[in-house]
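# Topology and contacts: notes
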Amino acid sequence: MPPGARAGGKADAAVVRDALGVGVAVGLSGFAFGVTSAGSGLSLLQTCALSLLVFTGASQFALVGALAAGGNPLTAAAGAFFLGTRNAFYGLRLSQLLALPRALRPLAAHWVIDETTAVTLAQPTRRAARIGFTVTGATLYALWNLTTLAGALGARALGDTDAWGLDAASPAVFLALLAPMLKTTTERATAALAVVLVLALLPVLPAGVPVLGAALAAPLVLFLKGRGANATAPEPAPGDAPAAAGPAGDDITDPGGTGELGNSPKGQAR
């Protein structure tokens, strides 16, 4: 496929444009982390090392927030670790979608975060997904680290960093990315229940654990949805003949009766 061509999806230029938009918008919020980290007592070297080596904004903010509140460093690190485990689940999905060479996977794993996952999953083809992941990851990593440095250096000029509320910048950007993806009632219900679970668990669990508990929202919503569907399904009247089997094309392994498997590119397109 020649560069810039459409293959049943976005043109390469459109994918790059969207990925750059996300990378620049979120990357600039690294300034907020630099300021917050410096305000919590971490040195310039420690602050920059966190962005270079950890590179997951929510965990970084959780760590410096716990330290600023006087928490034990080990407890703060454990909370940040638990919060970052969600990236492992992202990686399971992206590894199948991107299908990168083995030599590149350890490097790509460092860029598996909320924003790169959101951009990658929004793409219609593997080529577009790879472009979206690479451009978002590279742009975000570069800007996040540069703005972290700038924020840490400029923290003294800002005075009381808590009064600026800069730690809310990164979550706000992620919510702006997530909101357009909630298109069905089930997805909106799952997101709403996840928020309720997090708010309920925050006072009783260590930092980072409530967001993992929010993952229970998905199976709960699907369970309730299944029960509702079973309750409304009409029961067959006595003596009714069973429904006739459909043509071969109705089989999930052969949608359309064309001989294409359901998980083949043509079968998925249908």
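To be clear, the structure that these remarks concern was listed above.
In this report, we go over the structure that sits alongside the text. (Residues numbered from 1 in each chain as written. Predicted model: local features only at pLDDT ≥ 70, side-chain atom pairs only at ≥ 80, totals over all residues. Heavy atoms only, no water.)

## A word on a nonpolar patch on the surface
A cluster of nonpolar side chains, Phe-81, Phe-82, Val-211 and Leu-212, forms an exposed patch at the surface whose accessible area comes to about 350 Å². Contributions of two or more residues to the nonpolar patch are made by helix H5 (73–84) and helix H12 (209–213). Along the chain, Phe-81 falls in helix H5. (Patch = residues over 30% accessible without salt bridge, like charges linked within 9 Å, V, L, I, M, F, W, Y side chains within 5 Å. Areas by Shrake-Rupley, 256 points an atom, 1.4 Å probe, with all protein chains shown as cover. Salt bridge = Lys/Arg side-chain N within 4 Å of Asp/Glu carboxyl O. Helix = DSSP H or I, 4+ residues; strand = E, 2+ residues; numbered from the N terminus.)

## Examining the side chain of Thr-148
Of note, Thr-148 is situated in helix H9 (residues 126–158). Judged by its relative accessible area of 0%, Thr-148 is buried. Excluding anything up to four places from it in sequence, Thr-148 contacts Gly-30, Phe-31, Phe-33, Gly-34, Thr-47, Cys-48 and Ser-51. (Buried < 20%, exposed > 50% of the residue type's maximum accessible area, 1.4 Å probe, protein only. Contact = heavy atoms within 4.5 Å.)

## Topic: the pattern of salt bridges
If you walk through the whole model with that rule in mind, you get 3 salt bridges. Of the charged contacts in the structure, one is a salt bridge between Arg-127 and Asp-12, with a shortest N-O distance of 2.5 Å. With Arg-127 in helix H9 and Asp-12 in helix H1 (residues 12–27), this pair connects stretches of sequence that are 115 residues apart. By relative accessible area, which is 11% here, Asp-12 ends up buried.

## A few points about the nonpolar core
Residues Phe-33 and Leu-50 are the most contacted members of the largest nonpolar core, which totals 21 residues. For this core, the secondary-structure elements that each account for two or more residues are H1, helix H2 (30–39), helix H4 (57–68), H5 and H9. The leading source of residues in this core is H9, at 5 residues. Discounting chain neighbours no more than four positions away, the residues touching Phe-33 are Thr-47, Leu-50, Ser-51, Gln-60, Phe-61, Val-64, Trp-144 and Thr-148. Grouped together as the second largest cluster of nonpolar side chains are 8 residues, Leu-98, Leu-100, Ala-108 and Ala-129 included. (Core = buried A, V, L, I, M, F, W, Y, C linked by side-chain atoms within 4.5 Å.)

## Digging into the packing of H2 against helix H3 (residues 44–53)
How two helices pack is summed up by the angle between their axes together with the distance between the axes. Look at H2 against H3: their axes get within 9 Å of each other, and the N-to-C directions meet at 135 degrees. Relative to H3, the element H2 lies oblique. As H2 packs across H3, the resulting crossing turns out to be right-handed. Touching Phe-33, Gly-34, Ser-37 and Ala-38 of H2 are Thr-47, Leu-50 and Ser-51, all from H3. In terms of residue class, the contact of H2 with H3 is made up of 3 nonpolar, 4 polar and no charged. (Axes fitted to C-alpha atoms, helices over the stretch in contact; angles between N-to-C directions. Parallel < 35°, antiparallel > 145°, perpendicular 65-115°, else oblique. Left-handed = near helix turned anticlockwise from the far one by under 90°. Nonpolar A, V, L, I, M, F, W, Y, C, P; charged D, E, K, R; others polar.)

## Here's the deal with the side chain of Thr-56
Assignment of secondary structure puts Thr-56 in the loop between H3 and H4. Within the local environment of Thr-56, its side chain forms a polar contact with the side chain of Asn-87, the two groups lying 3.4 Å apart. Residue contacts for Thr-56: discarding those within four places in its chain leaves Arg-86, Asn-87 and Ile-113. (Polar contact = N/O pair within 3.5 Å; in protein donor to acceptor, adjacent residues only side chain to side chain.)

## Points about H1
With 16 residues, H1 should reach 22 Å at 1.5 Å per residue; the first-to-last C-alpha distance of 22 Å fits that figure. What H1 keeps buried is the set Asp-12, Ala-14, Val-15, Ala-19, Val-22, Gly-23, Val-26 and Gly-27. (Expected span 1.5 Å × (residues − 1).)

## What about the packing of helix H6 (residues 86–98) against helix H8 (residues 114–121)?
Running from N to C, H6 and H8 point in directions that differ by 30 degrees, and their axes come no closer than 10 Å. By the angle between their directions, the pair H6 and H8 is classed as roughly parallel. Remark: the crossing between H6 and H8 carries left-handed chirality. Listed contacts from H8 to Arg-86, Asn-87, Tyr-90, Arg-93, Leu-94, Leu-97 and Leu-98 of H6 are Asp-114, Thr-117, Thr-120 and Leu-121.

## A closer look at the packing of aromatic side chains
Under the criterion given, the structure shown has 5 aromatic pairs. Judged by centre distance (5.7 Å) and plane angle (90 degrees), the ring pair of Phe-33 and Phe-61 falls under edge-to-face. Of this pair, Phe-33 sits in helix H2 while Phe-61 sits in helix H4, placing them 28 residues apart in sequence. For the pair Phe-33 and Phe-61, one class covers both residues: buried. (Phe/Tyr/Trp six-rings, centres within 6.5 Å; stacked < 30°, edge-to-face > 60°.)

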